[in-house]
Amino acid sequence: MTFTILGTAAAEGWPALWCPCEACEQARALGGKNIRRRSAYQLGERIHVDFGPDSFAQMLTFGLHYERLEHLLFTHSHQDHLSPQELSYRRTGFVVEPLDTLTIHGNEAVSESILRAVDSMEAIRARFEPTVPLEPMDLGEGVTATALPADHAEGEEAFIHLFEREGRRLLQANDTGLFPDPTWAFLETKQLDLLLIECTYGPRDGGRHHLGANQVIEVRDELRKIGSLKADARVVVTHFSHNGGWLHERLEAFFAPQGIEVAFDGMQLDL
Ligand SMILES: [Zn+2]
Ligand SMILES: [Zn+2]
Ligand SMILES: [Zn+2]
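Computed from a prediction, not measured in an experiment: that's the story for all the values here.

**Let's talk about the sheet that holds strand E5 (residues 102–106)**
Note on sheets: strands pair through backbone hydrogen bonds, and any given pair is parallel or antiparallel.
Here comes step 1: As summarised here, the arrangement of the 7 strands in space is E6-E5-E4-E3-E2-E1-E14, forming an open sheet in which the pairing is mixed. Looking at which strands have only one partner, the edges of the open sheet turn out to be strand E6 (126–130) and strand E14 (268–270). Between one strand and the next, the sheet's axes are offset by a mean angle of 20°, whatever the strand orientation.
Here comes step 2: Pairing between strand E1 (residues 2–7) and strand E2 (residues 40–43): 4 bridges, direction antiparallel. Across the sheet, Gly7 pairs through a bridge with Ala40, a residue of E2.

Here is the structure:
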């Protein structure tokens, strides 16, 4: 099953909406893998993670059919990951054909944010399922997702997700900061085939809320040490801010000797 990375930028996109800094100007000039939309992912045709301000552009660019989605998982309620207004277009009048019910998984802040934009979940033909950390969610067709606590958002519990299918495992880890203890304890019991992890700050140090390149390597090494990465596991970095300054090629030059790949919008992984 194909896991598509639909966006690889932090909140402001890259080039950032209003920013004329060198990293943004270079991205504008070079284009290609340096153009980064806000983060979202799709697994097959039925499962999607986060629905931010670039959802419409992602639908056009990557030929997506959101009407076929059955499960929409939210990592947290920050606006680069959740645009409630775009969900409101599921209402009658904006969609002229019948729509199957969409199950939305998220924390309380996600449900509150959506309910500020629409009268009810029923109005957007959705059912809200509060995310319970460390409990596998059955998403059908042999796919499960388990939400693991992240150290990211103030005033709400942010999650990363472990996807499992036929014995293969992918950890989608943004926005995360350094993993909290329960997440480490859970990961100790699992072996990953794919680790997709944020590198928001590039060469700058992260810690709480977000990671930089050196922390990515520390986390990868620790996962190896506790036996949670298969020998042939792929490690991929994503969720970059222009504040880090490193364009795609520079990120690749840093990570290639570590055996780590750098994500770009449209990159596909196989789960
Ligand atoms: Zn983010
Ligand atoms: Zn910039
Ligand atoms: Zn965030």
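**So, the coordination of the zinc ion (ligand 2)**
Here comes step 1: Only Cys19 (SG), Cys21 (SG), Cys24 (SG) and His242 (ND1) from the protein reach the zinc ion (ligand 2) as donors, at distances of 2.1 to 2.4 Å.
Here comes step 2: For the zinc ion (ligand 2), the 4 donor atoms in the first shell make angles of 99 to 119° at the metal, a pattern classed as tetrahedral.
Here comes step 3: In the primary sequence, the donor residues of the zinc ion (ligand 2) line up as C-x1-C-x2-C-x217-H.

**Points about the coordination of the zinc ion (ligand 1)**
Here comes step 1: Within the first shell, the zinc ion (ligand 1) binds the protein through Asp80 (OD), His81 (NE2), Asp175 (OD) and His239 (NE2), at distances of 2.1 to 2.3 Å.
Here comes step 2: Geometry at the zinc ion (ligand 1) is irregular, judged from its 4 donor atoms and the angles of 87 to 145° they form at the metal.
Here comes step 3: Donor residues for the zinc ion (ligand 1) sit on one chain with the sequence pattern D-H-x93-D-x63-H.
Here comes step 4: Taken as a pair, the zinc ion (ligand 1) and the zinc ion (ligand 3) show a spacing of 3.8 Å, with Asp175 coordinating each metal. Pair noted here: His81 is in the loop between strand E4 (71–73) and helix H3 (84–88) and His239 is in the loop between strand E12 (229–238) and helix H7 (248–255), with a separation of 158 residues, a long-range link. Residue His81 shares its accessibility class with His239, and that shared class is buried.

**So, the environment of Leu178**
Here comes step 1: With respect to the helices, strands and loops of the structure, Leu178 is situated in the loop between strand E10 (168–173) and helix H5 (181–187).
Here comes step 2: By relative accessible area, which is 38% here, Leu178 ends up partly exposed.
Here comes step 3: Residues Leu178 and Gly13 lie 165 residues apart in sequence; the distance between their C-alpha atoms is 23 Å.
Here comes step 4: Sequence-distant contacts of Leu178, that is, excluding residues within four places in its chain, are made with Asp151, Gly207, Leu211, Gln215 and Val219.

Here is what the cut-offs are and how they apply
Residues numbered from 1 in each chain as written. Chains lettered and ligands numbered in written order. Predicted model: local features only at pLDDT ≥ 70, side-chain atom pairs only at ≥ 80, totals over all residues. Heavy atoms only, no water. Pairing = 2+ DSSP bridges. Helix = DSSP H or I, 4+ residues; strand = E, 2+ residues; numbered from the N terminus. Axes fitted to C-alpha atoms, helices over the stretch in contact; angles between N-to-C directions. Donors = N, O, S within 2.8 Å, 3.2 Å for Na, K, Ca; no water. Tetrahedral: all angles 85-135°; square planar, octahedral: opposite > 155°, others 65-115°. Buried < 20%, exposed > 50% of the residue type's maximum accessible area, 1.4 Å probe, protein only. Contact = heavy atoms within 4.5 Å.

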